[in-house]
Amino acid sequence: MTRAPSPSLLAALAQLLGPKGYTTDTDAMAPWLTDWRGKYSGRSAAMLSPASTAEVAAAVRLCADAEVALVPQGGNSGMVGGATPDAGGDQLLLSLRRMNRVRSVDTAAQIAVAEAGVILETFHHEALAHGLRFPLTLGGKGSATIGGLVSTNAGGTQVLRHGTMRALVAGIEAVLPDGSIFDGLAPLKKDNRGYDLRHLLCGAEGTLGIVTAASLHLVPAAAARRTAWIAIDSPARALLLLRRLDASIGRELEGFEIVPHACLDAVLRHIPQTRAPIAAAHPWYVLAELAGKSDQALGGALERELAAALDTGLIRDVVIAKNDRESEDFWRLRDSISEAERAEGPALQHDVSVPVDLMPTFIAENPARLKQAFPGARALSFGHLGDGNVHHHVQPPVGADGAAWLAAHGAAVSRLVYAHVIELGGSLSAEHGIGQMKRAIMAELDSPARLAALRAIKAGLDPAGIFNPGKLID
Ligand SMILES: Cc1cc2nc3c(=O)[nH]c(=O)nc-3n(C[C@H](O)[C@H](O)[C@H](O)COP(=O)(O)OP(=O)(O)OC[C@H]3O[C@@H](n4cnc5c(N)ncnc54)[C@H](O)[C@@H]3O)c2cc1C
């Protein structure tokens, strides 16, 4: 059990961090006490905003001695309430946003060291300024930070080729629960000294360490790309198309996202200045992207494959972006789905993965199971088909009082979805993490051996439980 912060602890933290690094102002803290979806709200006695690793370590030491809980936070764009303190007011918010320096970019080694608070979009620009690219992107790139991306092991739309955050992390610097600093920034290709703390901290959701900086792999800036918006009958056909593109194009294929018509329709209704690339309505769309060194290197492969797919009737229609601007417009449609869906009203979000080949089965069968158990329930799946990961959202029946319906049925709906995912050998969190949203359901449905190992790791590293209590694991 952690304790309430005493006036003397708060005074010591205020003195350590100075006026820019410490606030109890309720207006200043308010935007950071509710999560992006507006599902979780909390209270905090103070928000700490250290400017250096040494300040983080000193603040953690003070809180560790007093057994006071800390909730690390980056851009607060997380989807599972992981960065929101509880309602008690005793947990202190630890914002990493002031640690926003890119410490170095080594163009020869293609490695950059970025502090935890660097915003993903800013980091993209920094890499590009050096002729390089950070190959991870997602809809929340304007607010998500490097520390948050590491701590959620974020995915996004380029995982197909470059992997999740874990694959891009070459080293980590973090403050551990006793206030000691783990300096693992050296980008070692080989390091077999036992358990890999770097991997352990990726996806730990702030429960094992405060990430203060990371060494990150970069790739050469793509000089050419081809982006296609494809109309198609079903996810099963989309998977066939993916297999064909994989076989003929291979590594250059960087993104492969599916979007049902209802999601496109919501984006067109809620997001200004958006336009359907194909005028006629089709049941599903695929957004596919190739990136390569030059136009020559890409060599018209996508055009050839898609023309053949049109001829054989595998796809219904296709538009290839004529320039970067059009390509950005296509991606904006995909990246705005979460925002449009938020504007649609209350829904239950499930970020799930199953083996790639089984994803069409899940997308086809789960809505039918839901409708049978909860008449009128509407399910929508969109996202990273190529990774076997979709965001599966369940909306209340048309005309129902959404909030009341979710209060009555939400838990049972989610249990049905997750049970189906587990039946297919999948995971109840593909990329968003567990946070507070999925903690109870994971404890209920996950393997006892895996849960026991996770609990033992947490208890070993953070015996007083001061880092992000109430999240991920008890
Ligand atoms: C429109 C939109 C689209 C999105 N699309 C995707 C997507 O495609 N794929 C995907 O994976 N995610 C996606 N996300 C979710 C979100 O952007 C990611 O989870 C991101 O990694 C969160 O970063 P953050 O800095 O906002 O972290 P926060 O939300 O502040 O925190 C997330 C978690 O990390 C912990 N944390 C934050 N910083 C640190 C730190 N320095 N040290 C230790 N722990 C820390 C927090 O305690 C919390 O548990 C999307 C979000 C939005 C808003």
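The coordinates are above.
Definitions and cut-offs
Residues numbered from 1 in each chain as written. Predicted model: local features only at pLDDT ≥ 70, side-chain atom pairs only at ≥ 80, totals over all residues. Heavy atoms only, no water. Helix = DSSP H or I, 4+ residues; strand = E, 2+ residues; numbered from the N terminus. Rg over C-alpha atoms; globule rule 2.2 N^0.38 Å. Buried < 20%, exposed > 50% of the residue type's maximum accessible area, 1.4 Å probe, protein only. Contact = heavy atoms within 4.5 Å. Areas by Shrake-Rupley, 256 points an atom, 1.4 Å probe, with all protein chains shown as cover. Lys, Arg positive; Asp, Glu negative; His and termini not counted. Charge placed at Lys NZ, Arg CZ, Asp CG, Glu CD. Salt bridge = Lys/Arg side-chain N within 4 Å of Asp/Glu carboxyl O. Core = buried A, V, L, I, M, F, W, Y, C linked by side-chain atoms within 4.5 Å. Pairing = 2+ DSSP bridges. 1 Å grid on protein atoms, 1.4 Å probe; cavity = no way out; pocket = protein on both sides within 12 Å on 5 of 7 lines; lining within 4 Å. Points joined across faces, edges and corners; volume = space filled by probe spheres on them. Nonpolar A, V, L, I, M, F, W, Y, C, P; charged D, E, K, R; others polar. Patch = residues over 30% accessible without salt bridge, like charges linked within 9 Å, V, L, I, M, F, W, Y side chains within 5 Å. Phe/Tyr/Trp six-rings, centres within 6.5 Å; stacked < 30°, edge-to-face > 60°. Axes fitted to C-alpha atoms, helices over the stretch in contact; angles between N-to-C directions. Parallel < 35°, antiparallel > 145°, perpendicular 65-115°, else oblique.

(A) Quick look at the overall build of the chain. For the chain, the helix and strand inventory stands at 18 helices and 18 strands. Rg of the C-alpha trace for the chain: 23 Å, near the compact-globule value of 23 Å for 474 residues, within the 12% margin. Viewed in the frame of its principal axes, the chain has a C-alpha envelope of about 75 × 55 × 45 Å. With 474 residues in all, the chain has 52% of them scored as buried. In the chain, of all internal contacts separated by at least 6 residues, the share reaching a separation of at least 24 is 73%. Carbon together with sulfur atoms contributes 54% to the accessible area of the chain, which is approximately 19,900 Å² in total. With 44 positive and 49 negative side-chain charges, the chain shows a spacing of 1 Å between the two charge centroids.

(B) The pattern of salt bridges, seen in detail. Overall, the coordinates contain 24 salt bridges when judged by the stated rule. Here Asp-191 ties to Arg-193 by a salt bridge, and the two come within 2.8 Å at their closest N and O atoms. With a closest N to O distance of 2.8 Å, Arg-415 and Glu-444 form a salt bridge. Of this pair, Arg-415 sits in helix α16 (residues 402–423) while Glu-444 sits in helix α17 (residues 439–445), placing them 29 residues apart in sequence. Exposure remark for Arg-415: the relative accessible area of 35% places this residue in the partly exposed category. For Glu-444, a relative accessible area of 44% translates into the label partly exposed. One salt-bridge network, in which partners are shared between bridges, spans Arg-101, Arg-103, Glu-115 and Glu-173.

(C) Layout of the nonpolar core. In terms of nonpolar packing, the biggest core is built from 51 residues, with Ile-230, Leu-241, Phe-256, Ile-315 and Phe-362 touching the most fellow members. When residues in this core are grouped by element, the largest group, six residues, is from α16. Residues in contact with Phe-362, not counting those within four places in the same chain, are Val-352, Pro-367, Val-390, His-392, Val-417, His-420, Val-421 and Leu-424. Core analysis: the second largest hydrophobic core is formed by 28 residues, Ala-112, Leu-120, Phe-123 and Ile-172 among them.

(D) Structural view of the sheet that holds strand β2 (residues 47–48). On the basis of which strands lie adjacent, the open sheet formed by four strands has the order β1-β2-β4-β3 and mixed pairing. Unpaired on one side and paired on the other, β1 (22–23) and β3 (70–73) mark the two borders of the sheet. Here β3 runs beside strand β4 (residues 92–95); their pairing, made up of four bridges, is parallel. Each bridged residue has a counterpart across the sheet, and for Leu-70 the counterpart in β4 is Leu-92.

(E) Expanded view of the layout of surface pockets. In this model, the second largest pocket occupies a volume close to 610 Å³. Around the second largest pocket, the lining is made up of 31 residues, and of these Gly-203, Ile-434, Arg-450, Leu-454 and Leu-472 lie nearest the centre. Elements supplying a minimum of two residues to the lining of the second largest pocket: α17 and α18 (448–461). When residues in the lining of the second largest pocket are grouped by element, the largest group, four residues, is from α18. Residue composition of the lining of the second largest pocket, by class: 14 nonpolar, 11 polar and six charged.

(F) Up close: a nonpolar patch on the surface. A contiguous nonpolar surface patch, about 190 Å² in accessible area, is contributed by Leu-200, Ile-457 and Leu-461. Residue position: Ile-457 is located in helix α18.

(G) A look at the packing of aromatic side chains. Applying the stated criterion to the full structure yields three aromatic pairs. Their ring planes at 65° and their centres at 5.0 Å tell us that Phe-123 and Phe-134 sit as a pair that is edge-to-face. Placement of Phe-123 in helix α4 (residues 120–129) and of Phe-134 in the loop between β7 (132–133) and α5 (146–151) is noted, with a sequence separation of 11 residues between them. Summarising the aromatic geometry, the rings of Trp-229 and Tyr-285 are spaced 5.4 Å apart at their centres and angled 25° between planes, so their arrangement reads as stacked. Taken together, the residues Trp-229 in strand β12 (residues 224–232) and Tyr-285 in strand β14 (residues 284–292) connect sequence positions 56 residues apart. Each member of the pair, Trp-229 together with Tyr-285, is buried.

(H) Here's a closer look at the environment of Leu-253. Following the sequence through the fold, Leu-253 ends up in strand β13 (residues 253–260). Judged by relative accessible area, which is 2%, Leu-253 ranks as buried. Leu-253 has contacts with Leu-160, Arg-161, Leu-242, Leu-245, Asp-246, Glu-289 and Leu-290, leaving out every residue within four places of it along the chain.

(I) Expanded view of the packing of helix α1 (residues 7–21) against helix α3 (residues 53–66). Running from amino to carboxyl end, α1 crosses α3 at an angle of 175°, the nearest separation of the two axes being 10 Å. Judged by the inter-axis angle, α1 sits roughly antiparallel to α3. Contacts from Leu-9, Ala-12, Leu-13, Leu-16 and Leu-17 in α1 reach Glu-55, Ala-58, Ala-59, Leu-62, Cys-63 and Ala-66 in α3. For the contact of α1 with α3, the class distribution of residues is 10 nonpolar, no polar and one charged.

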